[in-house]
Structures are given as C-alpha cells and as structure tokens.
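Inside the fold
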Amino acid sequence: RNFRGIVETISRKFLKSCSQSSGIADEKGVSRHALDLKMPKGDEAAPKDTVLIIEDNLFMSQLLSEKIGRQGLNTIVVSDGERALEIIKKEKIALALIDLPLAGDIDGFEVLKKIRDKYQLKDVPVITLFNLDDPKSMEKSLEFGANDYMVKAFANTDEIIARVIDQIKNKGGRKKIKAVHSLT
C-alpha cells in the first residue's frame, strides 16, 4: 500500500510538470501535448505530425507523450478504446501506439480494426505495445493491421520512440507475420 502511494505521488508530480510545460487533459480525460521545438534538418519526423497514444498506464502514457513531444511531434493521449475511437473519427493522426491488452469496454484489437477501416497501412502506421511476450497476440495484432509491435519489458522508451520516428518517416514499413516467431 505504501509503495502504491509513492508511485501515485510521483505520477502526480510528473503529470503536473508535463501539464505545465506541454499540455493538459480536457473534460473527457484526453491529453493533448504540443511542444514547439526546432527540428534539426535531416532524418527527423516532420514537425506537427500527431501521434495517438492509447495506453491505460498513466505513467507510461505521459512518459511516452513527453519523449515524443521532444521529437517535435504532437501527441494525443487516451486511456481507453472508446476515447481512442472518438479521436480517430475527428483527428488526423500520423501514427497510433496501442497498448494491448487495453482496459475498458472496447479492446485494443477493436481499436486497431477501426483504424484500419479508416486508414491504410502506409497512411497511418500502428505500433502495438505489449506488457508480456505473447506470440499469439502479437501475431494477431499484425493480422489486424499493426505495422510493428514491441514488448515493453524488453524495450526502453528510447527504443519505442525510435520506432515511432522510423514508422512516421518510412510509412508502410511492416514486420513479416511468418518470420516474427521463427524458432529455427
């Protein structure tokens, strides 16, 4: 119980610093972050592209939002599938990061399916994030239209951000389903 209190205190302080510098949540709990940074010329993603972060872990979503914002990208952060679908209908997004499994009435696979109903692979890349190494769910995410996936336990946030930038720069890049879990 004490550990949980410490984590909540740290998260609140982190969120307060994020909201003062880069964005705040609206009445529906949707956080919008925009950092106006000068982009270095070269390999960086185009400024003002928007990344939709669909993550039910508050600390992780804010950390990703802050780091993506430092790359000159806007972020929209939502914690459930219903809000994600509202954003997808209204906003033009450059990439979606989807946490799987996702808490709420609408799961992450349904959100992924809706994104693919509206956008082609090359138009809006999707990276799915998993808490555990679950080969069946990872393959399912690719079958539903994800461009890439990562296991959060095996990747740090800098690696996730690098994949985000790479997918935005090279729209349409995709893992091969058959080669994902080859044991040979």
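Note: the structure precedes this text.
The text that follows walks through the structure, step by step, so that each part is easy to find. (Residues numbered from 1 in each chain as written. Predicted model: local features only at pLDDT ≥ 70, side-chain atom pairs only at ≥ 80, totals over all residues. Heavy atoms only, no water.)

1. Quick look at the overall build of the chain
Regarding its fold elements, the chain presents six helices and seven strands. Shown N-terminal to C-terminal, the secondary structure of the chain runs as helices and strands in the order α-β-β-β-α-β-α-β-α-β-α-β-α. The proportion of buried residues among the 184 residues of the chain is 44%. Residue pairs at least 24 apart in sequence account for 67% of intrachain contacts in the chain once pairs closer than 6 positions are excluded. Within the structure as shown, the chain displays about 10300 Å² of accessible surface, and the carbon and sulfur contribution to it stands at 52%. (Helix = DSSP H or I, 4+ residues; strand = E, 2+ residues; numbered from the N terminus. Buried < 20%, exposed > 50% of the residue type's maximum accessible area, 1.4 Å probe, protein only. Contact = heavy atoms within 4.5 Å. Areas by Shrake-Rupley, 256 points an atom, 1.4 Å probe, with all protein chains shown as cover.)

2. Considering the environment of L132
Residue position: L132 is located in the loop between strand 6 (126-130) and helix 5 (135-143). Each C-alpha atom of the pair L132 and F154 lies 8.9 Å from the other, and the pair is 22 residues apart in sequence. With residues up to four places along the chain from it excluded, the contact list for L132 reads M138 and V151.

3. Describing helix 2 (residues 58-69)
For helix 2, with 12 residues, the first-to-last C-alpha span of 16 Å sits near the 16 Å given by 1.5 Å per residue. With nine of 12 residues buried, helix 2 lies mostly within the body of the structure. Three or more residues of helix 2 are buried, namely M60, S61, Q62, L63, L64, S65, E66, I68 and G69. Where helix 2 begins, the side chain of N57 points an oxygen toward the backbone nitrogen of F59, at a separation of 3.0 Å. (Expected span 1.5 Å × (residues − 1). Polar contact = N/O pair within 3.5 Å; in protein donor to acceptor, adjacent residues only side chain to side chain.)

4. Structural notes on the packing of aromatic side chains
Counted by the stated rule, this structure contains two aromatic pairs. Ring geometry for F130 and Y149: centres 6.3 Å apart, planes at 85 degrees, overall edge-to-face. Residue F130 is found in strand 6, and its partner Y149 is found in strand 7 (residues 148-151); the two are separated by 19 residues along the sequence. Given the relative accessible area of 4%, F130 is considered buried. Y149 sits in the buried class, given a relative accessible area of 8%. (Phe/Tyr/Trp six-rings, centres within 6.5 Å; stacked < 30°, edge-to-face > 60°.)

5. Focus: the pairing of strand 5 (residues 95-100)
With six of six residues buried, strand 5 is to be regarded as a mostly interior element. Where burial is concerned, the two faces of strand 5 agree: the one with L95, L97 and D99 and the one with A96, I98 and L100 are both buried. Where strand 3 (residues 50-54) and strand 5 come together, four bridges link them in parallel fashion. Counterpart to I54 in the pairing with strand 5 is I98. Alignment of strand 5 against strand 6, held across five bridges, turns out to be parallel. Within the sheet, the bridge partner assigned to I98 lies in strand 6 and is T128. Remark: the strand 5/helix 4 (residues 108-118)/strand 6 crossover connection has right-handed handedness. (Pairing = 2+ DSSP bridges. Right-handed = clockwise from strand over helix to strand, strands pointing away.)

6. A few points about helix 4
Of the positions making up helix 4, those classed as buried are G108, F109, V111, L112, I115 and R116. The buried side chains of helix 4 occupy one side of the element, clustering within an arc of 160 degrees when seen end-on. Along its buried surface, helix 4 packs onto strand 3, helix 3 (81-90), strand 5, strand 6 and helix 5. Of the residues that open helix 4, the one with a side-chain oxygen 3.2 Å from the backbone nitrogen of F109 is D107. (Arc of directions from axis to C-beta.)

Keep in mind these numbers describe shape, not what the thing actually does.
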